[in-house]
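Fold and geometry: a report
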Amino acid sequence: MIDYSPFWETLKESTENWYTLTNKYHLSNSTLHRLKHNKDISTKTINDLCRLLNCQVQDILQYIPSDTDQLL
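Cut-offs used in this document
- Residues numbered from 1 in each chain as written.
- Predicted model: local features only at pLDDT ≥ 70, side-chain atom pairs only at ≥ 80, totals over all residues.
- Heavy atoms only, no water.
- Salt bridge = Lys/Arg side-chain N within 4 Å of Asp/Glu carboxyl O.
- Helix = DSSP H or I, 4+ residues; strand = E, 2+ residues; numbered from the N terminus.
- Buried < 20%, exposed > 50% of the residue type's maximum accessible area, 1.4 Å probe, protein only.

With the rule as written, the count across this model stands at three salt bridges. Between Glu9 and Lys12 there is a salt bridge, with its nearest N and O atoms 3.5 Å apart. Taken together, the residues span about one helical turn, with Glu9 and Lys12 both in helix 1 (residues 5–13) at a distance of three residues. By relative accessible area, which is 41% here, Glu9 ends up partly exposed. Using a relative accessible area of 61% as the deciding quantity, one classes Lys12 as exposed. Notably, a salt bridge pairs Lys44 with Asp48, separated by 2.8 Å at the nearest N-O pair. Within this pair, Lys44 and its partner Asp48 are both found in helix 4 (residues 43–53), separated by four residues, close to a single helical turn. According to the relative accessible area criterion, Lys44 is exposed, its value standing at 57%. Classification of Asp48 by relative accessible area gives buried; the value is 18%.

Scope: geometric values only; no functional claims are made or implied.
What follows is the structure, given as structure tokens:
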């Protein structure tokens, strides 16, 4: 499972917040909602977040093995 909890820590440590991401950088509320609920987001969005927050991918997400992952 992909977990976005690193994103929230990175955001907290940055000078940005939910408001600036949505109003200044035009990220949608639904994208932030998806991050909050560990739903899928695009690699383009991950790229944008890394640029905006001046961070690496691992500062946005992490992989956690889960029994609920689909079978391969």
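Once the structure has been displayed, the description carries forward.
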